[in-house]
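An overview of the molecular structure
For reference, the chains in residue letters:
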Amino acid sequence: MIGFFIALISGALMSVQGVFNTQVTKTSGIWVANAFVQFTALLVCLGAWLLTDRSSFGALVKVEPKYMLLGGAIGAFITYTVIKSMEMLGPAKAVMLIVIAQLIVAYVIELFGWFGTDKQPLEWRKVIGMGIAIAGVVLFKWK
């Protein structure tokens, strides 16, 4: 149950962050805003690391496969695409499309067992659920 609430908090924080970042770009530019976001995230992570576990950064060299270390670089492009989509579509439409894209890609990753995940069987109820979510976006956007 705690995972459910953490996921809700994550979604809410992502929406608020996207709006904040979009506003910052109006003054500073998208890559300056993105760099600031990533830098402040680094500072928060380093502070949390100092206060909590202090595990070794040397453990990162043991990560296999090495492409798994690209999460931070991907994060920079996530920040960029969230800012641009919110700027062009508005927060509600952008977040709906972002969430649906996340859902579809996450389900495909599970179906094929990519990136070290456990392969899952195709379940039609999940496919239908995604279809309903997509229909919801169409309905939301429809004028």
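In this text, all values refer to a predicted model and were calculated from it rather than measured experimentally.

1. Quick look at the overall build of the chain
The secondary structure content of the chain amounts to five helices and zero strands. When its helices and strands are written in sequence order, the chain yields α-α-α-α-α. Its C-alpha atoms put the chain at 50 × 45 × 30 Å along the principal axes. Counting only residues that meet the buried cut, the chain has 15% of its 143 residues in that class. Across the chain, contacts joining residues at least 24 apart in sequence account for 53% of those joining residues at least 6 apart. Carbon and sulfur atoms form 76% of the exposed surface of the chain, whose accessible area is close to 10,600 Å². Distance between charge centres in the chain, computed from 11 positive and 6 negative side chains, equals 10 Å.

2. Structural notes on helix α3 (residues 71–89)
Its 19 residues give α3 an end-to-end C-alpha distance of 26 Å, which sits within 8% of 27 Å, the value for a rise of 1.5 Å per residue. For α3, the complete set of buried residues consists of G75, A76, T79, V82, I83, S85 and M86. Where α3 is buried, its residues meet α1 (2–28), α2 (30–51) and α4 (91–112). Immediately beyond the C-terminal end of α3, within one or two residues, lies G90, with a positive phi of roughly 95 degrees.

3. Here we look at the packing of α1 against α3
It is the contact of α1 with α3, at a shortest axis distance of 9 Å, that shows an interaxial angle of 80 degrees. It follows from the interaxial angle that α1 and α3 lie roughly perpendicular. Contacts between α1 and α3 pair S15, G18, V19, N21, T22 and T25 from the former with T79, V82, I83, M86 and E87 from the latter.

Thresholds applied
Residues numbered from 1 in each chain as written. Predicted model: local features only at pLDDT ≥ 70, side-chain atom pairs only at ≥ 80, totals over all residues. Heavy atoms only, no water. Helix = DSSP H or I, 4+ residues; strand = E, 2+ residues; numbered from the N terminus. Buried < 20%, exposed > 50% of the residue type's maximum accessible area, 1.4 Å probe, protein only. Contact = heavy atoms within 4.5 Å. Areas by Shrake-Rupley, 256 points an atom, 1.4 Å probe, with all protein chains shown as cover. Lys, Arg positive; Asp, Glu negative; His and termini not counted. Charge placed at Lys NZ, Arg CZ, Asp CG, Glu CD. Expected span 1.5 Å × (residues − 1). Axes fitted to C-alpha atoms, helices over the stretch in contact; angles between N-to-C directions. Parallel < 35°, antiparallel > 145°, perpendicular 65-115°, else oblique.

That is the geometry; function is a separate question.
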